[in-house]
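In case you want the letters, here they are:
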Amino acid sequence: MRPAPLFPRGQALAASLHRAVSTAASASPSTRASPPRPLSVFFADWARVDLPDGHRFPMDKYARTREALARDAALVNKITLLAAPKVDVESELLLTHCPEYVQRVLTLTLREDEVRKIGFPMAQQNVERSLASTGGTVACMREVMSGARASAQIAGGTHHAYRDRGEGFCVFNDVAVAINVARREFADALRDRKILVIDLDVHQGNGTAKIFEGDAQVVTFSMHGEKNYPIKTREKSTHDVELPDDCEDEEYLSLLEQWLPKLFDDYDPAIVFFQAGIDALKEDSFGRLAMSREGLLRRNNAVYSMCIAREVPLVITMGGGYSKPIEPSLDAHVDVFRSAALRFTAPQFF
């Protein structure tokens, strides 16, 4: 018999968002466990970046996502918004990135070709934001390794950054840095255990794949557009799933439904990092896929359901989202964090 599907099918968007909360609320008090603590969500938009007029990167989406979460009455007592700390350069950043590259970033002495590959003008503002974006994911990791079921950041997901260079709007690789800090600070808890990266941005996590190439402890799973960036710098993840142009919800979710149980069964991860890019959205300017907002929400809930069922701590980062106008991407970004807050703060049952 085929197992029950991971995804709620044919349900309205609001029903998908509130499913777990409604079920929990209907239980009798005697069957409920004590309520989990609010989801800690870090933000890095305190480090302001002013891009040139007409720049294609929608930098204001980070602050607008945070503001939407802050004013959402359904998230009262379910979410705590926290300013991301800057990553410590000596003790944290250099565990992953080479000193020469880090020094060129910090002193604003990157070569023109290096700046061009990153895609941002590298002023001091962007240095500060890159440090905060990386530090926020490290902070999320510490939250979940210290007992939280999940933690998230409205930034990060900078999966195109390599050990010695940046590209594709990514300066430092926040997930790689957080993983290497975790292996140092929580060595006993992670000894002989796997660390799983689930990268569902529409672009392959090439930097993350390369950094952990040949690393037996870190499993990199990337599900991305076959014909999309990166092409020239594509790497080999532990598992790559390439999607055709115009891939819609059911095809995408069917593949993910096959892969998620396999990843958790085969590797039994001690911690999961979820790069929750939403640029598979049909309206996205760079995505080339054709997913709906509801389809992306079902995707998010599939990852959350696996982590909840297997009791695996989860770090969630933001990722790509480039619709024009930006509102469809903003809605999908907010859904990532809103649905996580509702799922991970729902009372647990005995």
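Residues numbered from 1 in each chain as written. Predicted model: local features only at pLDDT ≥ 70, side-chain atom pairs only at ≥ 80, totals over all residues. Heavy atoms only, no water.

**Student:** I tried to follow the overall build of the chain on my own but got confused; where do I start?
**Tutor:** Within the chain, the regular secondary structure consists of eleven helices and eight strands. Looking at the 350 residues of the chain, the share that counts as buried comes to 57%. Counting contacts in the chain only where the partners sit at least 6 residues apart, residues at least 24 apart contribute 76% of the total. With the model as given, the accessible surface of the chain reaches about 14,500 Å², and the carbon-plus-sulfur share is 51%. (Helix = DSSP H or I, 4+ residues; strand = E, 2+ residues; numbered from the N terminus. Buried < 20%, exposed > 50% of the residue type's maximum accessible area, 1.4 Å probe, protein only. Contact = heavy atoms within 4.5 Å. Areas by Shrake-Rupley, 256 points an atom, 1.4 Å probe, with all protein chains shown as cover.)

**Student:** In this structure, what is going on with the pattern of salt bridges? I would like to understand it.
**Tutor:** Between side chains of opposite charge, a pair can form as their charged atoms come close. Under the definition given, this model contains 24 salt bridges. Between Lys86 and Glu128 there is a salt bridge; the shortest N-O distance is 3.0 Å. Residue Lys86 is located in the loop between β2 (79–83) and α3 (99–106), and its partner Glu128 is located in helix α5 (residues 124–145); the two are separated by 42 residues in the primary sequence. Lys86 sits in the partly exposed class, given a relative accessible area of 42%. (Salt bridge = Lys/Arg side-chain N within 4 Å of Asp/Glu carboxyl O.)

**Student:** Help me understand the packing of α5 against helix α6 (residues 174–185) in this model?
**Tutor:** For any two helices packed against each other, the geometry is given by the interaxial angle and the distance between the axes. Close contact between α5 and α6 brings their axes to 8 Å; oriented N to C, the two are set at 40°. In terms of their interaxial angle, α5 and α6 are classed as oblique. Crossing of α5 against α6: the hand is right-handed. Contacts between α5 and α6 involve Ser133, Thr134, Thr137, Val138, Met141 and Arg142 from the former and Asp174, Val175, Val177, Ala178, Val181, Ala182 and Glu185 from the latter. Taken together, the residues of the contact of α5 with α6 sort by class into seven nonpolar, three polar and three charged. (Axes fitted to C-alpha atoms, helices over the stretch in contact; angles between N-to-C directions. Parallel < 35°, antiparallel > 145°, perpendicular 65-115°, else oblique. Left-handed = near helix turned anticlockwise from the far one by under 90°. Nonpolar A, V, L, I, M, F, W, Y, C, P; charged D, E, K, R; others polar.)

**Student:** Any chance you could explain the confidence of the model for the chain here in plain terms?
**Tutor:** As a general rule, the predicted coordinates of low-pLDDT regions are not to be interpreted in detail. Taken as a whole, the chain shows an average pLDDT of 91; of its residues, 89% reach a score of 70 or greater. The model gives residues 1–32 a pLDDT under 50, and that stretch makes 56 contacts with residues more than four places away or in other chains. (pLDDT = per-residue confidence, 0-100.)

**Student:** What's the story with the packing of aromatic side chains in this structure? I'm lost.
**Tutor:** Geometry of an aromatic ring pair is reported as the spacing of the ring centres plus the angle between the planes. In total, this model carries eleven aromatic pairs according to the counting rule given. Seen from their ring centres, Phe221 and Trp259 are 5.4 Å apart, and the 40° between their planes marks the pair as tilted. Of this pair, Phe221 sits in strand β5 (residues 218–225) while Trp259 sits in helix α9 (residues 249–267), and the two are 38 residues apart along the sequence. Both residues of the pair, Phe221 and Trp259, belong to the buried class. Ring centres 4.9 Å apart and planes at 40° place the aromatic pair Phe286 and Tyr322 in the tilted group. Taken as a pair, Phe286 in the loop between β7 (271–275) and α10 (293–310) and Tyr322 in the loop between β8 (314–317) and α11 (327–344) lie far apart in primary sequence, 36 residues in all. A connected cluster of aromatic rings, assembled from ring pairs, spans Phe57, Tyr62, Phe120, Phe169, Phe286 and Tyr322. Residue placement shows Arg129 over the ring face of Tyr62; its charged tip is 4.2 Å from the ring centre. Here Arg165 stacks its cationic end above the ring of Tyr162, 3.7 Å away from the centre of that ring. (Phe/Tyr/Trp six-rings, centres within 6.5 Å; stacked < 30°, edge-to-face > 60°. Lys NZ or Arg CZ within 6 Å of the ring centre and 35° of its normal.)

**Student:** So what exactly am I meant to see when it comes to α10 here?
**Tutor:** Note that an α-helix has 3.6 residues per turn; residues three or four places apart therefore point the same way. Here α10 spans 26 Å end to end across 18 residues, near enough to the 26 Å set by a 1.5 Å rise per residue. With 13 of 18 residues buried, α10 lies mostly within the body of the structure. Phi turns positive, to about 55°, at Glu311, one or two residues after α10. (Expected span 1.5 Å × (residues − 1).)

**Student:** Would you take a moment to explain the packing of α9 against α10 for this structure?
**Tutor:** Their axes nearest at 10 Å, the elements α9 and α10 cross at an angle of 15°. The angle between the axes of α9 and α10 places the two elements in the roughly parallel class. At the point where α9 passes α10, the crossing takes the right-handed sense. Residues Asp249, Glu250, Tyr252, Leu253, Leu256, Leu260, Pro261, Phe264 and Asp265 of α9 lie in contact with α10, whose contacting residues are Gly295, Arg298, Arg299, Ala302, Val303, Met306, Cys307 and Arg310. For the contact of α9 with α10, the per-class residue count stands at ten nonpolar, one polar and six charged.

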